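Breakdown of the fold
In case you want the letters, here they are:
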Amino acid sequence: MIDRELWGPLADRYGTVRPRKMLALDGGGIRGVLTLSILAAIEKQLGQRLCDYFDYIAGTSTGAIIAAGLAKGMSVDDLIGFYRENGPGMFQRTRFLARLNSLYGNGALEQQLKVVFGADTDLKPGGLKSLLLVVTRNATTDSPWPISNNPAARYNALHRDDCNLCIPLWQLVRASTAAPIFFPPEVIRLDPNDESKAFVFVDGGLTPYNNPAFLLYRFATDPAYRLEWPRGERELLLVSVGTGAAATAGATADDATQNMLATGITVPTALMYGSLVDQDINCRAVGRCTYGDLIDSELLDMVPRQGPDEGSRKERLARPLVPLEEDLGRSFLYSRYNIDLSGAGLAKLGCADVDPGLAQKMDRATEEHIELLLRIGGCAAAQVNVGQHFGRFAPAS
């Protein structure tokens with residue numbers, strides 16, 4: 001049982017032990033529009049607002065904007081409208097000298113976040129309709145700082161001078177989206193009377209949790225975070241949505257050495273992509289994957305299938321799935337939706353006319369580009385099948 005006074009308006013929803021559903025949203029700049037296209041299909045098939053269906057929503061960077069909007073009660077269409085209206089303004093170039101610090105200013109994004117979330121809305125119970133987890137990176141302490149609105153969490157106690165629940169929602173989201181080079185950092189003063197509690201925050205995508213799915217699972221179940229939701233395929237559903245991905249070709253055997261500039265440019269992207277995939281694999285290994293792209297030729301998609309794991313890749317993928325009615329003892333059900341933005345992936349979606357390099361850009365936010373991403377996302381949304389992928393968590397037809 002929970003402390004009803006502590007949980008306030010959320011007490012009725014979270015006061016009983018019952019199966020729980022979780023949603024995790026990747027970072028990826030303006031490609032969050034692709035995430036929204038997938039979420040639109042999920043919302044339509046569920047027939048209800050995502051904040052009413054999902055009990056805990058997590059997001060990193062652009063995923064934090066979407067997660068916070070959903071947790072506040074916005075529909076997916078509302079958020080698509082937000083990106084359409086404000087996307088171009090988010091990426092306004094700074095003046096030339098200021099560009100030595102960041103390419104884009106934070107004023108337009110900050111102002112719109114205040115308008116949408118409310119300048120005075122914080123993480124205390126009553127401000128949001130579901131649990132929310134936002135991933136940031138504390139540059140001052142050089143560490144990931146995931147922050148939730150769980151009223152029972154250790155650093156959310158209202159008697160603390162540095163209570164996390166007092167952070168304005170807009171500022172927390174702004175911190176999670178403060179990608180170095182692109183945007184200025186965000187300074188948050190956790191205790192206005194203690195300068196040692198003033199920290200510089202940057203984009204949560206610079207942590208291992210640009211894909212926050214496995215982190216969300218830990219926050220929901222590990223005793224340290226004071227929720228301790230029961231584990232099990234019949235107890236937890238975790239849905240993870242990406243912002244699109246594509247492998248980047250590197251050095252070849254006949255020209256194996258790259259110069260320092262080329263290496264320096266590719267290393268951050270390679271590390272972020274590797275962390276994203278690793279979080280996905282963790283979820284598929286600990287949870288029971290019901291849907292997801294292929295990981296590689298050895299792991300395939302990690303969806304449990306019947307019979308011996310022998311034969312060619314095609315033969316292995318053709319084996320019938322283990323029915324979801326058969327409990328395999330995994331810690332949760334897991335579905336991963338993403339979009340292959342390579343040339344081959346786009347062609348498969350019926351978007352062969354789209355330049356892969358253009359589709360992969362994270363800071364191109366013109367009206368035309370946003371509509372292009374919505375077109376790609378609309379084609380990719382066909383992968384969503386709540387009835388098949390969510391198992392017993394799918395609404396009764």
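Residues numbered from 1 in each chain as written. Predicted model: local features only at pLDDT ≥ 70, side-chain atom pairs only at ≥ 80, totals over all residues. Heavy atoms only, no water.

**Comments concerning the packing of aromatic side chains**
One pass over the structure, following the stated rule, counts 14 aromatic pairs. Ring geometry for Trp145 versus Phe201: centroids 5.5 Å apart, planes at 70°, classification edge-to-face. One end of the pair, Trp145, is in strand β4 (residues 143-148); the other, Phe201, is in strand β6 (residues 198-203), with 56 residues separating them in the sequence. Ring centres of Phe214 and Tyr217 lie 5.5 Å apart, and the angle between their planes is 40°; this geometry places the pair in the tilted category. Residue Phe214 and its partner Tyr217 are located together in helix α9 (residues 213-221), separated by three residues, close to a single helical turn. Given a relative accessible area of 15%, Phe214 falls into the buried group. (Phe/Tyr/Trp six-rings, centres within 6.5 Å; stacked < 30°, edge-to-face > 60°. Helix = DSSP H or I, 4+ residues; strand = E, 2+ residues; numbered from the N terminus. Buried < 20%, exposed > 50% of the residue type's maximum accessible area, 1.4 Å probe, protein only.)

**Concerning the nonpolar core**
One finds Leu23, Leu39, Ile42, Phe54, Leu70, Ile376 and Phe390 to be the most contacted residues of the largest nonpolar core, which totals 73 residues. In terms of residue count, the dominant contributor to this core is helix α3 (residues 32-46) (eight residues). When sequence neighbours within four positions are dropped, the list of residues in contact with Ile42 reads Leu50, Phe54, Val239, Val241, Tyr337, Val384, Val386 and Phe390. Listed in part, the 29 residues of the second largest apolar core include Ala11, Tyr14, Met22 and Tyr209. (Core = buried A, V, L, I, M, F, W, Y, C linked by side-chain atoms within 4.5 Å. Contact = heavy atoms within 4.5 Å.)

**Points about the environment of Pro320**
Along the polypeptide, Pro320 turns up in the loop between α11 (313-318) and β9 (333-337). On the basis of relative accessible area, Pro320 is assigned to the partly exposed category, the value being 48%. Once the C-alpha coordinates of Pro320 and Gln306 are considered, the two residues, 14 residues apart in sequence, prove to be 5.7 Å apart. Sequence-distant contacts of Pro320, that is, excluding residues within four places in its chain, are made with Arg305 and Gln306.

**Focus on the state of the cysteines**
Within this structure, the stated rule accounts for zero disulfides. Cys283 takes part in no disulfide bond, and the closest cysteine sulfur, belonging to Cys289, lies 9.2 Å away. Judged by relative accessible area, which is 1%, Cys289 ranks as buried. (Disulfide = S-S within 2.5 Å.)

**Topic: the pairing of β6**
Every other side chain in a regular strand lies on the same face of the sheet, so the side chains alternate between the two faces. For β6, a buried count of five out of six residues is recorded, marking the element as mostly surrounded by other parts of the structure. Bridge analysis of strand β3 (residues 131-138) against β6 gives three bridges, and the strand direction is antiparallel. Following the sheet pairing, Arg137 is matched in β6 by Val202. As paired strands, strand β5 (residues 186-189) and β6 are joined by four bridges and run antiparallel to one another. (Pairing = 2+ DSSP bridges.)

**Topic: helix α8 (residues 169-176)**
Since the α-helix packs 3.6 residues into each turn, any two residues three or four apart lie on the same face. Among the eight residues of α8, eight are classified as buried, and the element is accordingly described as predominantly covered. Considered for burial, the residues of α8 that qualify are Leu169, Trp170, Gln171, Leu172, Val173, Arg174, Ala175 and Ser176.

**Considering the confidence of the model for the protein**
With 88% of its residues at a pLDDT of at least 70, the protein reaches an overall mean of 89. Considering only residues more than four positions removed or in separate chains, one finds that residues 92-106, a stretch of pLDDT under 50, has 31 contacts. (pLDDT = per-residue confidence, 0-100.)

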